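Remarks on the overall topology
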Amino acid sequence: MILLQSHSRFLLQTLLNRVQNVDKGVELDYQWVEFDDVRYHVQVSTKNPHIVLLSLSLPIPPPETDFPGGLPSGAIEAIKVSYGVVVQILDPPRDGFNLTLKLNLLKLPPDEDYKQSLLVKIASVREIVLGAPLRMVLKRLGSRMMIPNGNQLIALVHRPKEAFFVIPQVEKVIVVYPMRFSDSIDTVLATSFLQEFVEARRTSGLNNAPSCSWSSTPPLELKKVPPEALSANAGFVSFVIFPRHVDGRKLDRTVWSLLTFHAYVSYHVKCSEGFMHTRMRRRVESMIQALDRAKPDGEKAKRSPNSRSFKRLSLREARTNSNS
Amino acid sequence: MCLQNFPCQEVERHNKPEVELKTSSELILNPILICRNEAEKCLIETSINSLRISLKVRQADELENILTKKFLRFLSMRAEAFQVLRRKPVPGYDISFLITNYHCEDMQKSKLIDFIVQFMEDIDKEISELKMSVNTRGRLVAAEFLKQFI
């Protein structure tokens, strides 16, 4: 799996299971964590088997982001638009979570394909909620609208206490990521990966992809940002998104790709390290085999007594020898 | 390589690799330093009962640096399995071998030398293959990501 998928597989599976067995009463209480500190909680009670309570907890936003009411701006509208009557937002959310939704499985559309796509969309609740502000910006880009505040820098959360920056303009949107890694090996591998991004963009097949650049110092667009938000040991990556990247069906995919860019790079850095370990272990085994070939088995007996030195026995061995 | 058994002169009933201790100058021969270029060198120190070979591997950039460190640390931690490998490299070098007269008795000399040479070639090969795998993966990952936007 090279690309990260926008729906949570476990959540989708749980929902599909519930939909298929909506009459059977069963007690469910699952909690799990996904990458970048996103927690889910699903609860079904035997009294109402068609009602599913889904709670979502988001990563802690850094101070420079805007989180009115504990959710990214525009999240509530996005939920209402995407899910319609099937979902009801509970206020206040469950303790310890940013959002709680009440799903009524009986209100799902009867058409199979439509039902399936809606369930996948519900399983992508993370993308809808966290990606809401980015989606608004990119939708405006797609419709080539004039922006009210012009060129204002927006900080959006993608990892716990870390933000990435979006600068909306009329003809394009610039997205800048300060790339931070906690481990020094991760940092070096990530830097080489990120430089490949710039190289890959130059290959002929990818001319229509967003233009991509990497720099070790904060780019000019970030000059108004306070320095604490700009520490990045693996440099800064900037993408320039044009209206053709957010046309029609591409909008959702673009939002998800940009939202999880750091997670994507981090995931592949870890895969790479795992692969290197496997390789090294294999190489060590082959080297030890080569060493074993240097030990002749049959010729041990032939060695002349003169060249044999006597290894000093340990005290215990010497004592047992003398006793026996 | 002609090593023979030599019990320790100073302490009774001890048998130590003299090249490590360097206590008596009559037991040690002059060390030989072979340099391929500024970044790569090989130091061979001999004594009457032991031989120490230290290598410094070429590290062109930051990535090669961490790959080399990671790989050689991986090997050194398994030094017991290799028998002739030293757990810590001599200061100033990346990896060291310690061959004693006992090793020469257990294993054929020529095969042992072949092993050391093969080892050195393997290290070079492995580091360059690891670097290539990282670059290839990076390119693939980048291409897949950017393809999503087209």
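Residues numbered from 1 in each chain as written. Chains lettered and ligands numbered in written order. Predicted model: local features only at pLDDT ≥ 70, side-chain atom pairs only at ≥ 80, totals over all residues. Heavy atoms only, no water.

The name recorded for chain B in an unreviewed UniProt entry is Actin-related protein 2/3 complex subunit 4, from Punica granatum. Here chain B is described in UniProt, under the heading Sequence similarities (unreviewed entry), as follows: "Belongs to the ARPC4 family." Quoted verbatim from the Subcellular location (unreviewed entry) heading of the UniProt record, the comment on chain B is "Cytoplasm, Cytoskeleton". (UniProt positions renumbered as here; feature names shortened; annotations may be inferred.)

As annotated in an unreviewed UniProt entry, chain A carries the name Arp2/3 complex 34 kDa subunit and is attributed to Punica granatum. Chain A has a UniProt comment under Subunit (unreviewed entry) that states "Component of the Arp2/3 complex."

Here the focus is the overall build of chain B. A count of helices and strands for chain B gives 5 helices and 4 strands. Order of helices (α) and strands (β) in chain B, N terminus to C terminus: α-β-β-β-α-α-β-α-α. Taken over C-alpha atoms, the radius of gyration comes to 20 Å for chain B, far larger than the 15 Å a tight globule of 150 residues would show. Once the C-alpha set of chain B is aligned to its principal axes, its extents read approximately 80 × 30 × 25 Å. A buried classification covers 46% of the 150 residues belonging to chain B. Taking contacts inside chain B between residues at least 6 apart in sequence as the whole, the part at least 24 apart equals 52%. Of the accessible surface of chain B, which amounts to about 7,800 Å², a share of 53% is contributed by carbon and sulfur atoms. (Helix = DSSP H or I, 4+ residues; strand = E, 2+ residues; numbered from the N terminus. Rg over C-alpha atoms; globule rule 2.2 N^0.38 Å. Buried < 20%, exposed > 50% of the residue type's maximum accessible area, 1.4 Å probe, protein only. Contact = heavy atoms within 4.5 Å. Areas by Shrake-Rupley, 256 points an atom, 1.4 Å probe, with all protein chains shown as cover.)

This paragraph deals with the interface of chain B and chain A. Listed by partner, the interface residues are 46 residues for chain B and 52 residues for chain A. Both faces combined, the contact of chain B with chain A buries some 5,000 Å², and carbon together with sulfur accounts for 70% of it. Put simply, chain B and chain A have 6 salt bridges between them. Across the chain B-chain A interface, the total number found is 8 residue pairs in polar contact (both at pLDDT 80 or more). Listing elements by their share of the side of chain B that touches chain A, those giving two or more residues are helix 2 (62-77), helix 3 (79-82), helix 4 (101-106) and helix 5 (109-147) of chain B. It is helix 5 of chain B that provides the largest number of residues to the side of chain B that touches chain A, a total of 23 residues. Its residues assigned to classes, the side of chain B that touches chain A comprises 23 nonpolar, 8 polar and 15 charged. (Buried area = accessible area lost by both parts, 1.4 Å probe. Salt bridge = Lys/Arg side-chain N within 4 Å of Asp/Glu carboxyl O. Polar contact = N/O pair within 3.5 Å; in protein donor to acceptor, adjacent residues only side chain to side chain. Nonpolar A, V, L, I, M, F, W, Y, C, P; charged D, E, K, R; others polar.)

So, on to the environment of Pro62(A). All names here are of chain A. Checked against the element boundaries, Pro62 lands in the loop between strand 3 (51-57) and helix 2 (75-83). Its relative accessible area of 4% is what places Pro62 among the buried residues. Not counting chain neighbours up to four residues away, the residues in contact with Pro62 comprise Val157, Lys161, Glu162 and Ala163.

Residue and element names in this part refer to chain A. With 5 of 6 residues buried, strand 6 (residues 154-159) lies mostly within the body of the structure. Looking at chain direction, strand 6 and strand 7 (residues 162-168) are connected through 5 bridges and run antiparallel. Note on strand 7: the bridge partner recorded for Leu156 is Phe164. Connecting strand 6 to the next strand, strand 7, in antiparallel fashion are 2 residues, including Lys161 with a positive phi near 60 degrees. (Pairing = 2+ DSSP bridges.)

The next thing to look at is the nonpolar core. Membership of the largest hydrophobic core comes to 118 residues, with the highest contact counts inside it found for Leu138(A), Phe197(A), Phe239(A), Ile241(A), Phe261(A), Leu75(B) and Phe119(B). No other element matches the 12 residues that helix 5 of chain B contributes to this core. Discounting chain neighbours no more than four positions away, the residues touching Leu138(A) are Val173(A), Ile241(A), Val246(A), Leu251(A), Thr254(A), Val255(A) and Leu258(A). Ala155(A), Ala229(A), Leu230(A) and Phe236(A) belong to the second largest nonpolar core, which has 12 residues in total. (Core = buried A, V, L, I, M, F, W, Y, C linked by side-chain atoms within 4.5 Å.)

All names here are of chain A. Read across the open sheet, the 5 strands follow the order 6-7-8-10-9; overall the sheet is antiparallel. Lying at the two open borders of the sheet, with one neighbouring strand each, are strand 6 and strand 9 (211-215). Sheet twist, expressed as the mean angle between neighbouring strand axes with direction ignored, is 25 degrees. Those strands touched by helix 5 (residues 132-142) are strand 6, strand 7, strand 8 (173-178) and strand 10 (236-241), and its axis lies near 15 degrees from that of strand 7. (Axes fitted to C-alpha atoms, helices over the stretch in contact; angles between N-to-C directions.)

Here we come to the pattern of salt bridges. Under the defined criterion, the tally for this structure stands at 22 salt bridges over all chains. Between Arg283(A) and Glu129(B) there is a salt bridge; the shortest N-O distance is 3.8 Å. Taken together, the residues Arg283(A) in helix 8 (residues 261-293) and Glu129(B) in helix 5 connect one chain to another. Under the relative-accessibility criterion, Arg283(A) is labelled buried at 13%. Judged by relative accessible area, Glu129(B) falls into the partly exposed class, the value being 27%. When salt bridges that share partners are traced, they join Arg279(A), Arg283(A), Asp122(B), Glu126(B) and Glu129(B) into one network.

Turning our attention to helix 5 of chain A. All buried positions along helix 5 of chain A are accounted for by Ala132(A), Pro133(A), Leu134(A), Val137(A), Leu138(A) and Leu141(A). Taken from the residues just after helix 5 of chain A, Arg144(A) is the one with a positive phi, measuring 50 degrees.

What follows is about the confidence of the model for chain A. On average, chain A scores 84 in pLDDT, and the residues at 70 or more come to 89%. pLDDT under 50 marks residues 298-307 of chain A. Its contacts with residues more than four places away, or in other chains, come to 4 contacts. (pLDDT = per-residue confidence, 0-100.)

A word on the packing of helix 2 of chain B against helix 5 of chain B. Residues and elements named next belong to chain B. Relative to each other, helix 2 and helix 5 sit at 130 degrees, their axes nearing to 10 Å. The orientation of helix 2 relative to helix 5 falls into the category oblique. The interaxial crossing formed by helix 2 with helix 5 has right-handed handedness. For the pair formed by helix 2 and helix 5, the contact residues are Leu63, Glu64, Leu67, Thr68, Phe71, Leu72 and Leu75 on the first element and Phe119, Ile123, Glu126, Ile127, Leu130, Lys131, Val134 and Asn135 on the second. (Parallel < 35°, antiparallel > 145°, perpendicular 65-115°, else oblique. Left-handed = near helix turned anticlockwise from the far one by under 90°.)

This paragraph deals with unusual backbone geometry. Residue and element names in this part refer to chain A. The omega torsion of the bond from Asp91 to Pro92 falls at 5 degrees, within 30 degrees of zero and hence cis. Looking at the element boundaries, Pro92 is found in the loop between strand 4 (87-90) and strand 5 (99-104). The phi torsion at Asp36 lies on the positive side, around 60 degrees, for a residue other than glycine. Along the chain, the position of Asp36 falls in the loop between strand 1 (28-34) and strand 2 (38-44).

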